[in-house]
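Structure assessment
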Amino acid sequence: STCGVDPSPARGRTQMEHLCRGLIAMRSGAGNFVSWRLLGYEPEEIAFNVYRDGKKLNPQPIDKVTHFVDAQGAADAVYTVRAVIGGNGG
């Protein structure tokens, strides 16, 4: 897909919009608050890895939430998020 999200698991189940992860980063104190979308067709066991300027920030995949606080992030940092499903990806 063009935005790194694979909508194929939703096919035949329900009609859904084709949305991207919707990653945003907002300045919070001296760092950045990073947030992203969990899509309705994604499995419950999904987790995420967060990258700043290509460097992975979290030691373990993030599950149960779709946000991360990067206390050392500069105002011009570039973030990406990658899904981890069943230990694969990210």
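We now turn to the structure provided with this report. (Residues numbered from 1 in each chain as written. Predicted model: local features only at pLDDT ≥ 70, side-chain atom pairs only at ≥ 80, totals over all residues. Heavy atoms only, no water.)

Quick notes on the sheet that holds strand E3 (residues 47-52)
Applicable threshold: Any two strands are treated as partners once DSSP identifies two or more bridges connecting them. Numbering of helices and strands runs from the N terminus; a helix is a DSSP stretch of H or I covering at least four residues, while a strand is a stretch of E covering at least two.
Ordered by their spatial adjacency, 4 strands build an open sheet running E4-E3-E6-E7, and the pairing between neighbours is antiparallel. Among the strands making up the open sheet, the edge pair consists of strand E4 (55-56) and strand E7 (88-89). Pairing between E3 and strand E6 (residues 79-85): 6 bridges, direction antiparallel. Within E6, the position partnered with Ala47 by the bridge is Val84.

Some points on the nonpolar core
To keep things clear, this is the line we draw: We call a set of buried Ala, Val, Leu, Ile, Met, Phe, Trp, Tyr and Cys residues a nonpolar core when their side-chain atoms join them within 4.5 Å. Here's how the labels work: a residue is buried when its accessible area is under 20% of the maximum for its type, exposed when over 50%, partly exposed in between, all with a 1.4 Å probe on protein chains only. Whether two residues are in contact is decided by their heavy atoms, any of which lying within 4.5 Å being enough.
Core analysis: the biggest nonpolar cluster contains 10 residues, these being Val34, Trp36, Ile46, Phe48, Val50, Ile62, Phe68, Ala77, Tyr79 and Val81. Beyond its immediate stretch of four places on either side in the chain, Val34 contacts Leu23, Ile24, Ala25, Thr66, His67, Phe68 and Tyr79.

Topic: unusual backbone geometry
Phi at Asp53 takes a positive value of approximately 50°, unusual for a residue other than glycine. Examined against the element boundaries, Asp53 turns out to sit in the loop between E3 and E4. With relative accessibility at 54%, the residue Asp53 sits in the exposed group. In this model, Lys64 sits at a positive phi of 70°, which is unusual for a non-glycine residue.

Details of the pairing of strand E2 (residues 31-35)
Most of E2 is tucked away, with 4 of its 5 residues classed as buried. Sheet topology note: the strand E1 (residues 24-28)/E2 ladder contains 5 bridges and is antiparallel. Of the residues in E2, the one forming a bridge with Met26 is Phe33. The loop that links E1 with its antiparallel partner E2 comprises 2 residues; one of these, Gly29, has a positive phi angle of about 65°. With 4 bridges connecting them, E2 and strand E5 (residues 67-70) associate as antiparallel partners. Its bridge partner lying in E5, Phe33 is registered against Val69.

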